[in-house]
Amino acid sequence: MLDSNQIHVMIEQERLEARIQELGKQISKDYEGKEILLVCVLKGGVMFMAQLAKYITVPLTMDFMVLSSYGNELISSGTVDIKKDIDEPLEGRHVLIIEDIVDTGRTLWFLKKLLEERHAASVKICTMLDKPARRVKPVEAEYTGFVIEDEFVLGYGLDYEQRYRNLPYIAYVSKADGEEK
Ligand code: 5GP
């Protein structure tokens, strides 16, 4: 558990949700006349997708994937495994990957390539947050909520040891008192 004084608001709920609404409008415009398959990367992407989907006006379906991520660590393990795959065939579909945050880019680099190999008509990325400072793979999202500094963040789907996903805002974590900066 974290001390409550280690958790600091970075992006308030109102600002975050206003931006998500803008993204929904932009996506609706860009995909006009098409149907989208939203592929949510669990668990972190769930709150973002639920909020975003309310503002998308073109027809859509939703599916979910579980990929390995940080576990309980604050740093990336470097490998990606599929723990749960999507249920539907992708041939000819317009896929929009919904992710909580792009950090090193390893997860999305792997996932985008995988979905493209399944002959989707298009595969694009929509991420709530982008942390470009630690990128090791050349991943660029077509839709980005906010670009952030190199901080460990939680809330709005993002966890620390599986907790704090329910915070309605994005917060960053500072070191505990006495810990080295
Ligand atoms: P990447 O493969 O781009 O390094 O990392 C992607 C995944 O790592 C994200 O989907 C997320 O689950 C996790 N991650 C990266 N940065 C953070 C962070 O600052 N906070 C949390 N809670 N998870 C993060």
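Figured I'd write up the structure that's included with this text. (Residues numbered from 1 in each chain as written. Predicted model: local features only at pLDDT ≥ 70, side-chain atom pairs only at ≥ 80, totals over all residues. Heavy atoms only, no water.)

This brings us to the overall build of the protein chain. Helices and strands together make up the secondary structure of the protein chain, namely three helices and nine strands. Across the protein chain, helices and strands are ordered from the amino to the carboxyl terminus as β-α-β-α-β-β-β-α-β-β-β-β. A compact globule built from 181 residues should have a C-alpha radius of gyration of about 16 Å, and the protein chain, at 16 Å, falls within 12% of that. In terms of principal-axis extent, the alpha carbons of the protein chain reach across some 55 × 35 × 25 Å. With 181 residues in all, the protein chain has 45% of them scored as buried. For the protein chain, contacts bridging at least 24 residues in sequence account for 68% of all contacts bridging at least 6. Roughly 9,700 Å² of accessible area belongs to the protein chain as shown, and the carbon and sulfur atoms make up 48% of that amount. (Helix = DSSP H or I, 4+ residues; strand = E, 2+ residues; numbered from the N terminus. Rg over C-alpha atoms; globule rule 2.2 N^0.38 Å. Buried < 20%, exposed > 50% of the residue type's maximum accessible area, 1.4 Å probe, protein only. Contact = heavy atoms within 4.5 Å. Areas by Shrake-Rupley, 256 points an atom, 1.4 Å probe, with all protein chains shown as cover.)

Surveying the vicinity of the ligand reveals 16 residues, the closest of which are D100, T104, T107, V153 and D159. At 2.8 Å from an oxygen atom of the ligand is found a main-chain nitrogen or oxygen belonging to D103. Between the ligand and D159, the relevant distance is 2.7 Å, taken from a nitrogen atom to a main-chain nitrogen or oxygen of the residue. Here the ligand has 510 Å² of accessible area as a free molecule, and 94% of this is covered by the chains. Contributing elements (two or more residues each) for the shell around the ligand: β5 (94-102) and α3 (106-116). No other element matches β5, which puts four residues into the shell around the ligand. When the residues that make up the shell around the ligand are grouped by side-chain class, the tally is six nonpolar, three polar and seven charged. (Near = heavy atom within 4 Å. Polar contact = N/O pair within 3.5 Å; in protein donor to acceptor, adjacent residues only side chain to side chain. Nonpolar A, V, L, I, M, F, W, Y, C, P; charged D, E, K, R; others polar.)

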